[in-house]
Amino acid sequence: MPSMGFVQQLGIGALTTIQVAVCAYLLAMAIGIVFALATLRRRWLTQLIWVPYASIFTGVPSLLVAFLFYYGGSEIVSSVLAPFGVSQSIEITPFMAAVAALGMVYGAYLADLIRSAIQNVPHGQFEAARVLLVPRTTIWLRVILPQMLRLALPGMTNMWIVVLKDTALVSLIGLKEIMAYAKLASGVTKEPFIYYMLASAFFLAMTWLTYYVARNVEQWAGRGFHPVVAKGASHAL
Amino acid sequence: MHFDPQVAWDSLPKLLAGTLTTFTVLLPVLVLGLLLALPIALARFKPGPRSVLAAAYIGFFRGVPSLVLLYLIYSGLPQFSLVRETFLWNVFSNAYVCAWIGLALTHSGFMAEIIRGGLAAVPQGTLEAAATLGLKPRQILFRLRLPMAARYVLRAYQNELLIMVKSTAAVSAITLVDLTAAANTVFDYTYDPFTPLMTAAAIYWCITNGIRLAFSAADRKFNRYLVRA
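Quick summary incoming for the structure in this document. (Residues numbered from 1 in each chain as written. Chains lettered and ligands numbered in written order. Predicted model: local features only at pLDDT ≥ 70, side-chain atom pairs only at ≥ 80, totals over all residues. Heavy atoms only, no water.)

### A word on a nonpolar patch on the surface
Residues and elements named next belong to chain A.
Working step 1: On the surface, Trp208, Leu209, Tyr212, Val213, Val217 and Trp220 cluster together into a nonpolar patch covering about 630 Å² of accessible area.
Working step 2: Structurally, tryptophan 220 can be placed in helix α8 (residues 192-221).
Working step 3: Residue classification places tryptophan 220 among the partly exposed positions, given a relative accessible area of 48%. (Patch = residues over 30% accessible without salt bridge, like charges linked within 9 Å, V, L, I, M, F, W, Y side chains within 5 Å. Areas by Shrake-Rupley, 256 points an atom, 1.4 Å probe, with all protein chains shown as cover. Salt bridge = Lys/Arg side-chain N within 4 Å of Asp/Glu carboxyl O. Helix = DSSP H or I, 4+ residues; strand = E, 2+ residues; numbered from the N terminus. Buried < 20%, exposed > 50% of the residue type's maximum accessible area, 1.4 Å probe, protein only.)

Structure, rendered in structure tokens:
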């Protein structure tokens, strides 16, 4: 039987896993949105940055990127800051390296996803809003965003699960998350199977929770397309 | 932050040996995963207990990270004396075998969904026509449904294959020295974080883009009847 002390530690590790995954996903979203909007129209300047970025980060394992950021991160940061006259070296923790690596890798995937969602919103929507002299911010936030969300959500849900699962892999750089604690516990108790099963139960529960939440969110995002008929009002149809 | 070509050249034999390990892990996984996925995808079509079991299999192996599976098989299974004291120990004490089994299970979960989608996309009328012409169910499956499904799922399979190439980096956790692990060992004794990791990244980049090119060529060949005007 698993001892409660180790299970508690596993719980703490699970929280770290979720923290890393959430931070990485937010960073990936930020990178994805910036690149998606910048590459909406093909301009050679943005293509010059985007094409190599996407090619590199989608062609290399995230573990390798995490190792690169962990071992060489402080040098990268100081060489980026050097031209600005800042000569400060910061220490890169495994947490920072993991978030940066996962965020940059999955930002490339999310950018593609978000861009194609925007492009699949009927073009007439843009034109109609512009003809009606709707301000630009309102066009994006109130007209385009709700419509592209419906298209982008399934892919974004999948990407969240991939990020969460990849967090386990990136723990190999020395991140103290659920896999590290499971390894520790199984080394001490000589009962590895139980602790790794607990870890997999955590990931399964998270996947299930994600799909449960995603189903509701997708229903909400698609509310204009699959109208929910209220009880008692069905005669209206 | 700089790249040292001399270190890169000197560490190349080690990295290429790591690349070989990566492929030694990858290729059996692809075959094994495909063989496991096919019956599971077929089981999903007929409603009943077998379909539920197949759904549970797919759900489990898609939900659990491959690293957890690798640990579960490599260090988890030997907890049972049944594994340790019978012939199974010869099988599970080998890190390669554990890597093959662990990654193949993950791969089969994803492939089963892909194959199911491909099979479901084959037009019903084609199958009815085949049945009317007197083809046996086995013939319909192997000569009609699977070849057609293979054309439909080419793009999805490319994505899954690229994910598997990158997943093999996880096997360094169970003592195998693959490309990522080889780059790390070079880092350990040169203390140069950039050169070995970037060289390894370049090798990965060549592998993944080689696969992309191959799939584009395959897509052009097999789906040439779908040429867009």
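### Things to note about the side chain of A:Thr210
All names here are of chain A.
Working step 1: Among the structural elements, threonine 210 can be located in helix α8.
Working step 2: In terms of polar contacts, threonine 210 uses its side chain to reach the backbone carbonyl oxygen of methionine 206, at 2.6 Å.
Working step 3: In contact with threonine 210, other than residues within four places in its own chain, are Thr157, Trp160 and Ile161. (Polar contact = N/O pair within 3.5 Å; in protein donor to acceptor, adjacent residues only side chain to side chain. Contact = heavy atoms within 4.5 Å.)

### Let's talk about the packing of aromatic side chains
Working step 1: Applying the stated criterion across every chain, the model contains 20 aromatic pairs over all chains.
Working step 2: Here a set of aromatic residues connected by ring pairs shows up, and it is made of A:Phe67, A:Tyr70, A:Tyr71, B:Phe187 and B:Tyr191.
Working step 3: Cation over ring: A:Lys176 sits above A:Tyr181, and NZ or CZ is 5.8 Å from the ring centre.
Working step 4: Over the aromatic face of B:Phe45 sits the side chain of B:Arg145, whose NZ or CZ is 5.4 Å from the ring centroid. (Phe/Tyr/Trp six-rings, centres within 6.5 Å; stacked < 30°, edge-to-face > 60°. Lys NZ or Arg CZ within 6 Å of the ring centre and 35° of its normal.)

### A short note on the nonpolar core
All names here are of chain A.
Working step 1: Grouped together as the largest cluster of nonpolar side chains are 133 residues, with contacts concentrated most on Tyr25, Ile178 and Met179.
Working step 2: By residue number, the principal contributor to this core is helix α4 (residues 94-120), which donates 14 residues.
Working step 3: Ignoring anything within four residues of it in the chain, the contact list for isoleucine 178 reads Leu10, Gly13, Ala14, Thr17, Ala199, Phe202 and Phe203. (Core = buried A, V, L, I, M, F, W, Y, C linked by side-chain atoms within 4.5 Å.)

### Structural notes on the interface of chain B and chain A
Working step 1: Each partner contributes to the interface: chain B provides 35 residues, whereas chain A provides 35 residues.
Working step 2: When the buried area of chain B at its contact with chain A is split by residue, B:Tyr71, B:Gln79 and B:Lys166 rank highest and sum to 18% of it.
Working step 3: Where chain B packs against chain A, one counts 0 salt bridges.
Working step 4: Across the chain B-chain A interface, the total number found is 8 residue pairs in polar contact (both at pLDDT 80 or more).
Working step 5: Listed by contribution, the elements that provide at least two residues to the side of chain B that touches chain A are α2 (49-63), α3 (66-76), α10 (179-190) and α11 (194-222) of chain B.
Working step 6: For the side of chain B that touches chain A, the leading source of residues is α11(B), giving 9 residues.
Working step 7: Here the side of chain B that touches chain A is composed, by residue class, of 22 nonpolar, 10 polar and 3 charged. (Buried area = accessible area lost by both parts, 1.4 Å probe. Nonpolar A, V, L, I, M, F, W, Y, C, P; charged D, E, K, R; others polar.)

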